[in-house]
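# Understanding the architecture of this molecule
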Amino acid sequence: MIDRELVERFQNGEKSAFDELVKRHYAGTFSLFMRMAGDEMLADDLCQETYLRVYRGLTRFRNESEFTTWLYRISVNVANSHFRKEKLRKIFISDLEVELHPAGEEPEDVWTHAGLWPAIEKLPKKQRTVIILRTFQHLPYREVGEIMGITENSAKVNFHHAIKNLKDELGDEE
């Protein structure tokens, strides 16, 4: 069953359809928050807040975009809201010992570079978010743009600026 059908079932009063949506997407949402927050308890709290907002808003969801795009937009908004409230300037971790990849996935060598996370922390917020959504969540530029409320082209430009800035910061070893 596809997400669209589960959303429609929920909107028609079948509350168990929401449970299925959560089961289907919780791991990806948790993974996103782990990359952003670096703390399991905080990632779990942010997931809870995200799914509470999804539950409250799902009856108004119009299926004009993919459910996952809407979910990621809410997730990014929840994270931004949290970090703003906490007045934290850094939303990414530099402690490489924290597990950053979903179970069963092996990280690419370039992303385990010792200086990468401190370099990512120095990126402008928009570039950091595009890097996470594009590289670690494997989302296409179109979805990244929708989630962030920017154009697909702007997502591409921010990604390429982020890569250039990371290469400058880390020293281009090619």
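My aim in this report is to walk through the structure given alongside it, one point at a time. Note that the structure is a prediction, hence the values are computed from the model and not measured.

The rules behind each value
- Positions within a chain are numbered from 1, following the residues in the order the chain's sequence is written.
- Two thresholds apply to this predicted model, a pLDDT of at least 70 for residue-level local features and 80 or more for giving and counting side-chain atom pairs, whereas whole-chain, interface and lining totals are computed over all residues.
- Hydrogens and waters are ignored; side-chain quantities use all the structure's heavy atoms.
- Counting from the N terminus, the helices are DSSP H or I runs at least four residues long and the strands are E runs at least two residues long.
- Categorising residues by exposure relies on relative accessible area from a 1.4 Å probe, with only protein chains included: less than 20% of the type maximum marks a residue as buried, more than 50% marks it as exposed, and the intermediate range marks it as partly exposed.
- Identification of polar contacts relies on pairs of N or O atoms within 3.5 Å, with a donor-acceptor requirement for protein atoms, meaning one able to donate a hydrogen and the other able to accept it, and with residues adjacent in sequence counted only if both atoms are side-chain atoms.
- Whether two residues touch is decided by their heavy atoms; if any such pair falls within 4.5 Å, the residues are in contact.
- Here an angle of 0 to 180 degrees is reported between the N-to-C directions of two axes, which are lines fitted to C-alpha atoms, with helices fitted over the stretch in contact.
- For classification purposes, an angle smaller than 35 degrees is called roughly parallel, one larger than 145 roughly antiparallel, one from 65 to 115 roughly perpendicular, and anything else oblique.
- The nonpolar class holds Ala, Val, Leu, Ile, Met, Phe, Trp, Tyr, Cys and Pro. Asp, Glu, Lys and Arg form the charged class, and all remaining residues, Gly among them, are polar.

## So, the side chain of Thr69
Within the secondary structure, Thr69 sits in helix α4 (residues 67-85). We classify Thr69 as buried; its relative accessible area is 2%. A polar atom in the side chain of Thr69 sits 3.1 Å from the side chain of Glu143. Contacts of Thr69, omitting those with residues within four sequence positions, involve Glu143, Glu146 and Ile147.

## A short note on the environment of Leu71
One can find Leu71 in helix α4. With 46 residues separating them along the chain, Leu71 and His25 place their C-alpha atoms 8.8 Å apart. Dropping the residues within four chain positions of it, Leu71 is found in contact with His25, Thr29, Thr50, Tyr51 and Val54.

## Digging into the packing of helix α6 (residues 125-136) against helix α8 (residues 152-170)
Helix packing for two helices is described by the angle between their axes and how far apart those axes are. Packing of α6 against α8 leaves a shortest axis separation of 8 Å and a crossing angle of 100°. As judged from the angle between their axes, α6 and α8 are roughly perpendicular. Across the interface between the two elements, Lys126, Gln127, Val130, Ile131, Arg134 and Thr135 of α6 pack against Ala155, Asn158, Phe159, His161, Ala162, Ile163, Asn165 and Leu166 of α8. Grouping the constituent residues of the contact of α6 with α8 by class yields 7 nonpolar, 5 polar and 2 charged.

## Thoughts on helix α7 (residues 141-148)
Across the 8 residues of α7, 6 count as buried, placing the element largely inside the fold. Burial in α7 covers these residues: Tyr141, Glu143, Val144, Gly145, Ile147 and Met148. Gly149 sits one or two residues past α7 and shows a positive phi near 75°.

## A word on the side chain of His25
For His25, the location among the structural elements is in helix α2 (residues 16-37). Contacts of His25, omitting those with residues within four sequence positions, involve Asp3, Tyr51, Phe67, Thr68 and Leu71.

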